[in-house]
Amino acid sequence: MCGIVGYIGEKEAYPIILNGLKRLEYRGYDSAGIALFDGKNINLCKTKGKVVDLEKKFSDKQSNKGSLGIGHTRWATHGIPNDVNSHPHLSNSGDLVIIHNGIIENYASIKKELLNRGYTFTSDTDTEVLVNLIEDVKKKENVKLGKAVQIALNQVVGAYAIALFDKTKPDEIVVAKLGSPLAIGIGEEEFFIASDASPFIEFTNNAIYLEDEEMAIVRKGRAIEVRKIKDDSVVAPYIQELKLNLEQIEKGGFDHFMLKEIYEQPTVIKDTYRGRLLPTKGIIKLGGLENYIEKFTNADRIIIVACGTSWHAGLVAEYIFEDLARIPVEVEYASEFRYRNPIITEKDVVIAISQSGETADTLAAIKLAKEKGAFVYGICNVVGSTISRETHSGTYTHAGPEIGVASTKAFTTQITVLTMIALKLAKIKGSISNAHYMLLLQELEMIPSKVQEALETDSKIKEIASIFKDVSNFLYLGRGYNFPVALEGALKLKEISYIHAEGYPAAEMKHGPIALIDEQMPVVVIAVNSNHYDKVVSNIQEIKSRKGKIIAVVTEGDTTVKEMADYIMEVPNTPEVLTPLVTTIPLQLLSYHIAVMLEKNVDQPRNLAKSVTVE
Ligand code: F6R
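Procedures and definitions
- Residues numbered from 1 in each chain as written.
- Predicted model: local features only at pLDDT ≥ 70, side-chain atom pairs only at ≥ 80, totals over all residues.
- Heavy atoms only, no water.
- Domains from an automatic or database assignment.
- Contact = heavy atoms within 4.5 Å.
- Salt bridge = Lys/Arg side-chain N within 4 Å of Asp/Glu carboxyl O.
- Nonpolar A, V, L, I, M, F, W, Y, C, P; charged D, E, K, R; others polar.
- Buried < 20%, exposed > 50% of the residue type's maximum accessible area, 1.4 Å probe, protein only.
- Helix = DSSP H or I, 4+ residues; strand = E, 2+ residues; numbered from the N terminus.
- Arc of directions from axis to C-beta.
- Near = heavy atom within 4 Å.
- Polar contact = N/O pair within 3.5 Å; in protein donor to acceptor, adjacent residues only side chain to side chain.
- Areas by Shrake-Rupley, 256 points an atom, 1.4 Å probe, with all protein chains shown as cover.
- Disulfide = S-S within 2.5 Å.

**Remarks on the domain arrangement of the protein**
Many analyses report the size of an interface as the accessible area lost when the parts associate.
Then step 1. Split by domain assignment, the protein resolves into domain 1 (3–248), domain 2 (251–452) and domain 3 (456–602).
Then step 2. Each of domain 1 and domain 2 was reduced to a C-alpha centroid, and the two centroids are 34 Å apart.
Then step 3. Counting residues at the interface gives 11 residues for domain 1, matched by 9 residues for domain 2.
Then step 4. Connecting domain 1 to domain 2 are 1 salt bridge.
Then step 5. A salt bridge links R389 to E211, with the nearest nitrogen and oxygen atoms 3.2 Å apart.
Then step 6. Class assignment of the residues belonging to the side of domain 1 that touches domain 2 gives a composition of 6 nonpolar, 1 polar and 4 charged.

**A word on helix α16 (residues 458–468)**
Then step 1. Turning to α16, its buried residues are D458, I461, I464, A465 and F468. Take α16 and look down its axis: the buried residues cluster within an arc of 115°, on one side only. Turned more than 90 degrees off the buried face of α16, the exposed positions are S459 and E463.

**Remarks on the site of the ligand**
Then step 1. Neighbouring residues of the ligand: 15 residues in total, closest S310, S354, S356, T359 and E495.
Then step 2. Here an oxygen atom of the ligand and a backbone polar atom of S407 are 2.8 Å apart.
Then step 3. Taking K492, its side chain carries an N or O atom lying 3.0 Å from an oxygen atom of the ligand.
Then step 4. Bound to the protein, the ligand loses 90% of the 410 Å² it would expose on its own.
Then step 5. Those elements that provide at least two residues to the shell around the ligand are α10 (308–325) and α17 (483–497).
Then step 6. Per-class residue counts for the shell around the ligand are 5 nonpolar, 8 polar and 2 charged.
Then step 7. If you count residues domain by domain, the shell around the ligand takes at least three from each of domain 2 (251–452) and domain 3 (456–602).

**Details of unusual backbone geometry**
Then step 1. The omega torsion of the bond from H87 to P88 falls at 0°, within 30 degrees of zero and hence cis.
Then step 2. Of note, E213 is a non-glycine position whose phi angle comes to about 65°, a positive value.
Then step 3. Inspection of the secondary structure puts E213 in the loop between β11 (206–209) and β12 (214–219).
Then step 4. Of note, E599 is a non-glycine position whose phi angle comes to about 60°, a positive value.

**Describing the state of the cysteines**
Then step 1. Evaluated as defined, the whole model comprises 0 disulfides.
Then step 2. Cysteine C307 is unpaired, with the sulfur of C380 as its nearest cysteine sulfur at 12 Å.
Then step 3. On the accessibility criterion, C307 (25% relative accessible area) is partly exposed.
Then step 4. Relative accessible area serves as the criterion here: at 2%, C380 is assigned to the buried category.

Dropping the structure here:
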């Protein structure tokens, strides 16, 4: 949570930082601020609200000159979103200015000590405590900024990606990282700092991703200096060449990133299996898996840890792995797993699923599993992310940057990877017949065109959205492979439209939720061709008898459900194991259109952030 940006070089820093913050707004958007060094002073402007509010405030009030600066877009943890709590924060002397993404857990005791020593605080934030701790160390120990940062951070418990500078020595920015991401873009005689590479992609393709417990000092026109925070040892930085391009992080003619990302799914599912799925040869090649096949085939069980939408992908995987590869699977919320003293042994394989690769709970679950000796496999979208580095091995989804806060293409590409893993293991274990295996490989290859077909029903889904946009509650039902899709459909609706929605296994409805059904209640039922089709039809009858409104996701050509449902959303026929990849599409579109019609901020829903780096 929170996005940070910094610049030091010859260019004007303000437009670089402002643009960068706009690109990082997915990380938090309740307040924003920028500090520029204008040659003499720190020019600080911050406000509650979005980056556009900051832009307005800056242009109304003050000059934006200077070629050194830092900026921040916030997702509040300590202190409500207001102007004062917004970053950057100044030290008591006014010399140091800092931005911070993360949480300083022992800030209260440090603050008490600093108060006793005469420091004062204007905000409720842990960050203001940190900048004053650094200032205090700098004065007491009579050391340079870099050294003061290092000493101070050794007293801190928590997570951080920080950037700060000193107006009395305005030729350097000091940055440090533990648990929150920090990328440094290397230009000609200039450096860019950001939570990810998107703010500087048009300026340089060369970047360093700091590792946990590392800090760096960047100086205009000089080589970067990277050190370990613990022992001050020098680290040789690894400079990566970035594959990202500007087009990938722009809306490309769509009204919202979410819609663009929904429409990208045919392409990115293909990108995810390209070179890995070879149906004519009957081969699945997954680089990260090849050397660890036995870990999986000998495992007592697979434990999947994830949060939110990624957890739903994990639930789909539970069905696929058990069905095809006959390996027992448990799916856990990472946040529960990490705190419930789980039984994990060296014979367990843990799969961690995360779009961002930075989710704090998933990361903590991985660390715990590793400590207990399990083999940990990551499925991440963001290349070089912390989770992708912390796991023993893994497979990237190739969804490209997902900027809309509501996850869409990450979900379908995660399921694509998980399906490939399950199929490969099933083949090796002999738990699938050759004919079935070959068929599923061919069918998986056809999924992008089926997703494309599902997208083409968009205008019909928009009409359905207009009918139901004003209701207060929705129920989503599915069985088997499509139970997790029901959960995901409900999550999409609630997070962007703020309409209450619940997902349930269709048969479980009669054990409680059926009491909610009346003529006001729309029930979205996933009723595609499957082993449970007849059972789902019976569930639909139960809803109809209680006057509920049925919106059914059906297979093209279906007649039975079509006659019973009030509205239908059609998807192409596909083998049951692959249905989540197509049934998800109309549900994403339904929630998108409802949210747009309700004039909600689709890409930046309230209270949420894309990357949840706090627990
Ligand atoms: C929902 C959503 C969240 C994320 C969750 C995990 O649309 O985006 O529920 O799925 O925060 O994030 P990652 O996958 O980055 O670990």
